[in-house]
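The residues making up each chain are set out below.
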Amino acid sequence: MNIEVIRGEAEWQRAGAYFVRVQGMNRQHNISLREEFDEHDCDGTKYIILLDGGYPVATCRFYEVDPKSVTLGRVVVLPEYRGQHLGGRVLAEAELWICELGYKRIEIDSRIVAVDFYKKNGFVVVNDDVVKSGCFDCIRMEKIVVD
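Residues numbered from 1 in each chain as written. Predicted model: local features only at pLDDT ≥ 70, side-chain atom pairs only at ≥ 80, totals over all residues. Heavy atoms only, no water.

Draft legend 1. Summary view of the side chain of R14. Looking at the secondary structure, you find R14 in helix 1 (residues 11-29). Engagement of the side chain of R14 in a polar contact is seen with the side chain of E11, the distance being 2.3 Å. Excluding anything up to four places from it in sequence, R14 contacts E9, C42, D43 and Y47. (Helix = DSSP H or I, 4+ residues; strand = E, 2+ residues; numbered from the N terminus. Polar contact = N/O pair within 3.5 Å; in protein donor to acceptor, adjacent residues only side chain to side chain. Contact = heavy atoms within 4.5 Å.)

Printed below as a string of structure tokens:
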């Protein structure tokens, strides 16, 4: 596996992220396109896209909440690429870019089934309140990043 990392801001790069999300969420979980793609899929939102031989296989996005914080989300790895640590790689690449941009805090609404994954990647639970994000039950987590 020869993984290439793209920091996506242009439309053609976002297309790779969208492809992964359609395959990994829309098709797998029967999430409508309207639910999967929201007002944050636009100019200004930043995407990490992992390519295997030019083929998009994993992604995430982040956008500014305030001058010190971002929201990270839509972390998706294609089903056939899961179990190869690409989710952690996507997070690490996003965190690197987030730090370079000067942000200090990352928040995420984690699906309950993914809380342990985010804990392994340095996130902590903010509170135990379960919130709905589309069809998923989620818990707010955060990570304080340092340069």
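Draft legend 2. Here's a closer look at helix 1. Taking 1.5 Å of rise per residue, the 19 residues of helix 1 would be expected to cover 27 Å, and the 25 Å separating its terminal C-alpha atoms lies within 8% of that figure. Within helix 1, the axis deviates most sharply at V22, by approximately 35 degrees. (Expected span 1.5 Å × (residues − 1). Bend = angle between axes of the 7 residues up to and from the residue.)

Draft legend 3. Quick peek at the nonpolar core. L50, V57, L72 and L86 are the most contacted members of the largest nonpolar core, which totals 35 residues. Among the elements of the structure, helix 1, strand 2 (46-52), strand 3 (55-66), strand 4 (69-77), helix 3 (86-100), strand 5 (105-111), helix 4 (115-120) and strand 7 (136-144) are those that each provide at least two residues to this core. Not counting residues within four places of it along the chain, the set of residues in contact with L86 comprises M1, I3, L50, V57, A58, V77 and Y81. F37, Y47, I49 and L51 belong to the second-largest nonpolar core, a separate cluster that totals seven residues. (Core = buried A, V, L, I, M, F, W, Y, C linked by side-chain atoms within 4.5 Å. Buried < 20%, exposed > 50% of the residue type's maximum accessible area, 1.4 Å probe, protein only.)

Draft legend 4. Examining the sheet that holds strand 6 (residues 124-133) more closely. The strand order across the open sheet built from seven strands is 1-2-3-4-5-7-6, with neighbouring strands paired in mixed fashion. In this open sheet, the two strands that pair with only one neighbour each are strand 1 (3-8) and strand 6. When the angles between neighbouring strand axes are averaged without regard to direction, this sheet yields 25 degrees. In this sheet, strand 7 lies alongside strand 6 in antiparallel orientation, the contact comprising six bridges. Pairing of V130 across the sheet is with I139, part of strand 7. Packing against the sheet, helix 1 makes contact with strand 1, strand 2, strand 3, strand 4, strand 5 and strand 7, and its axis sits at approximately 100 degrees to strand 3. (Pairing = 2+ DSSP bridges. Axes fitted to C-alpha atoms, helices over the stretch in contact; angles between N-to-C directions.)

Draft legend 5. View of unusual backbone geometry. Positioned with a positive phi, R74 is a non-glycine residue whose angle comes to about 50 degrees. Position of R74 among the secondary structure elements: in strand 4. The phi torsion at H85 lies on the positive side, around 65 degrees, for a residue other than glycine.

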